[in-house]
Amino acid sequence: MARVRTRTGKLPAAEYDRSLVWGALLLAALGLVMVYSASIATAEASRYTGQNAAYYLTRHGVFLAASLLGGALVFLVPARGWQKAAPWLFLCGLVLLALVLVPGLGREVNGARRWLDLRVATLQPSELMKLAVVLYAADYTVRKHAVLKNFKKGLLPMLAVMLLVSWLLLREPDFGAFVVIAVTTFGMLFLGGMNGLHFVALLAMLGVGFAGLVLSSPYRMQRIFGFMDPWADPYGGGYQLSHALIAFGRGEWFGVGLGASVEKLFYLPEAHTDFLLAVIAEELGLVGVAVVIGLFLWLVLRAFAIGRQAALRERHFSALAAQGIGVWLGLQALINMGVNMGLLPTKGLTLPLMSFGGTGLVVNFAALAILLRIDWETRQLARGKVA
């Protein structure tokens, strides 16, 4: 059916950013296909899955359907509702992070205690905390804007609560989530008008802190050495990275073909989660990887554009929340891609919107729904309607 034109002969303005929606759906659809391709061999060989080749596909499909439904419900909540709820969501996130560390409640996998077992599914509080921190930092920056350049009154309270969050994350340990949350928070404070000297000092402190955490932990040191020269210990510290690089090398320009990956056949660990991009590179080649990078870049650009439009209409919480979502998703995607390509040390971070994992997928779509709501309200305001 043809779209009805206005009296001037022009098509009516869109109610929301359709390109953002299509970009997210394309990433999710490609992720669904690649999760199935990357997990077939693992599912067929595992007693846990009942040797069902479609086990991970089915679960990821359910997670994706729940994410879309949840996103539709989240979209119905006004931005001012999220601003009012931000402190309480942050507090709930802190409680969940603490519960993970309680014996009997937190589920331990490969030496890390990051999940709460809900019988029907597992919940990863660090994923929820990423969205809670974005909303809380946006609300905090708006409330404290008048004193944000003052270290004692503006920056110190946020620094204190972030140290608490960091301590809980490092107790799990979840170094990847710690990096994403810390950088996203201080990035939002900078966008909100934080003192430039304070920002530089915080960056220096973060750098020293990261170095201290690495030097004080043998397993993190092993990851650094494996990252610097994965071929020196290809069956130990450099195992994951060496096989990820082999996958990228085999893919060349156009890949070996969908489903034809060799590395996913028990060579590359976590092929359907942390190293999904390596399987994409092997099966779809440089072209497939470029498409994924391009779609993520578009999402980040649209998030900042939506934030800028909200700022022009003095919707400061909405502007910072939109840009914070862009920083978070872009940073996590960048780190995951860097790890897969051997540009960054190995971390347990999934590729947003694509990797297998229920909590992450639901939270990612909730964040995008909030972003769309902000865009919709800004467009309504531009038309003279109350949003």
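This text follows the structure it describes.
Residues numbered from 1 in each chain as written. Predicted model: local features only at pLDDT ≥ 70, side-chain atom pairs only at ≥ 80, totals over all residues. Heavy atoms only, no water.

**Q** So what's going on with the sheet that holds strand β2 (residues 112-117)? Residues and values would help.
**A** Adjacent strands of a sheet pair through backbone hydrogen bonds, lying either parallel or antiparallel. Sheet architecture is open: three strands sit in the order β1-β2-β3, paired in antiparallel fashion. The sheet is open, and its two borders are formed by β1 (106-109) and β3 (122-123), each paired with just one other strand. Pairing analysis gives four bridges linking β1 to β2, with the strands arranged antiparallel. Looking at the pairing, arginine 107 lines up with tryptophan 115 of β2. Lying over the sheet, helix α3 (residues 79-100) contacts β1, β2 and β3, oriented at roughly 110° with respect to β2. (Pairing = 2+ DSSP bridges. Helix = DSSP H or I, 4+ residues; strand = E, 2+ residues; numbered from the N terminus. Contact = heavy atoms within 4.5 Å. Axes fitted to C-alpha atoms, helices over the stretch in contact; angles between N-to-C directions.)

**Q** Talk me through the nonpolar core; I want residue IDs and the actual numbers.
**A** Of all hydrophobic cores here, the largest spans 101 residues; its most connected members are Met129, Val165, Val292 and Met354. By residue number, the principal contributor to this core is helix α10 (residues 276-312), which donates 14 residues. Beyond its immediate chain neighbours, meaning those up to four positions away, valine 292 contacts Leu27, Leu30, Leu277, Ile280, Met337, Leu351 and Met354. (Core = buried A, V, L, I, M, F, W, Y, C linked by side-chain atoms within 4.5 Å. Buried < 20%, exposed > 50% of the residue type's maximum accessible area, 1.4 Å probe, protein only.)

**Q** So what's going on with the packing of helix α9 (residues 239-251) against α10? Which residues, and what values?
**A** Where α9 meets α10, the closest approach of the two axes is 7 Å, and the angle between their N-to-C directions is 35°. Viewed along their axes, α9 and α10 form a crossing whose handedness is right-handed. Taken together, the residues of α10 that come into contact with α9 (itself represented by Ala244, Ala247, Phe248, Arg250 and Gly251) are Leu277, Ala278, Ala281, Glu282, Gly285 and Val289. Partitioned by chemical class, the residues of the contact of α9 with α10 number seven nonpolar, two polar and two charged. (Left-handed = near helix turned anticlockwise from the far one by under 90°. Nonpolar A, V, L, I, M, F, W, Y, C, P; charged D, E, K, R; others polar.)

**Q** Explain empty space enclosed by the protein to me, using residue names and the numbers behind them.
**A** Using the criterion set out here, one finds one cavity of 30 Å³ or more in the structure. Of all the secondary structure elements, the ones that give two or more residues to the lining of the largest cavity are α10, α11 (316-340) and α12 (358-382). Looking at the lining of the largest cavity residue by residue, the class counts come to eight nonpolar, one polar and no charged. (1 Å grid on protein atoms, 1.4 Å probe; cavity = no way out; pocket = protein on both sides within 12 Å on 5 of 7 lines; lining within 4 Å. Points joined across faces, edges and corners; volume = space filled by probe spheres on them.)

**Q** Before we move on, can you summarise the pattern of salt bridges with the specific residues and values?
**A** Taken as a whole, this structure holds ten salt bridges when the rule is applied. A salt bridge links arginine 383 to glutamate 15, with the nearest nitrogen and oxygen atoms 2.7 Å apart. On the criterion of sequence distance, the pair formed by arginine 383 in the segment after α12 and glutamate 15 in the segment before α1 (18-45) is long-range, its members being 368 residues apart. The salt bridge partner of glutamate 283 is lysine 264, with a shortest N-O separation of 3.0 Å. Taken as a pair, glutamate 283 in helix α10 and lysine 264 in the loop between α9 and α10 lie far apart in primary sequence, 19 residues in all. (Salt bridge = Lys/Arg side-chain N within 4 Å of Asp/Glu carboxyl O.)

**Q** So what's going on with the environment of phenylalanine 90? Residues and values would help.
**A** Here phenylalanine 90 is to be found in helix α3. The class of phenylalanine 90 is buried, set by a relative accessible area of 4%. Measuring from C-alpha to C-alpha, the distance between phenylalanine 90 and leucine 135 comes to 8.2 Å, with 45 residues separating the pair along the chain. Each residue touching phenylalanine 90, except ones within four places of it in the same chain, is listed here: Met129, Ala132, Val133, Tyr136, Val161 and Val165.

**Q** Go over the packing of helix α6 (residues 175-191) against helix α7 (residues 196-215), please, and point to the residues and values.
**A** Here α6 crosses α7 at 175°, and the two axes come no closer than 11 Å. By the angle between their directions, the pair α6 and α7 is classed as roughly antiparallel. Counted together, Phe175, Phe178, Val179, Ala182, Phe186 and Phe190 of α6 and Phe199, Leu202, Leu206, Phe210 and Leu213 of α7 form the full contact between these two elements. Class assignment for the residues of the contact of α6 with α7 results in eleven nonpolar, no polar and no charged. (Parallel < 35°, antiparallel > 145°, perpendicular 65-115°, else oblique.)

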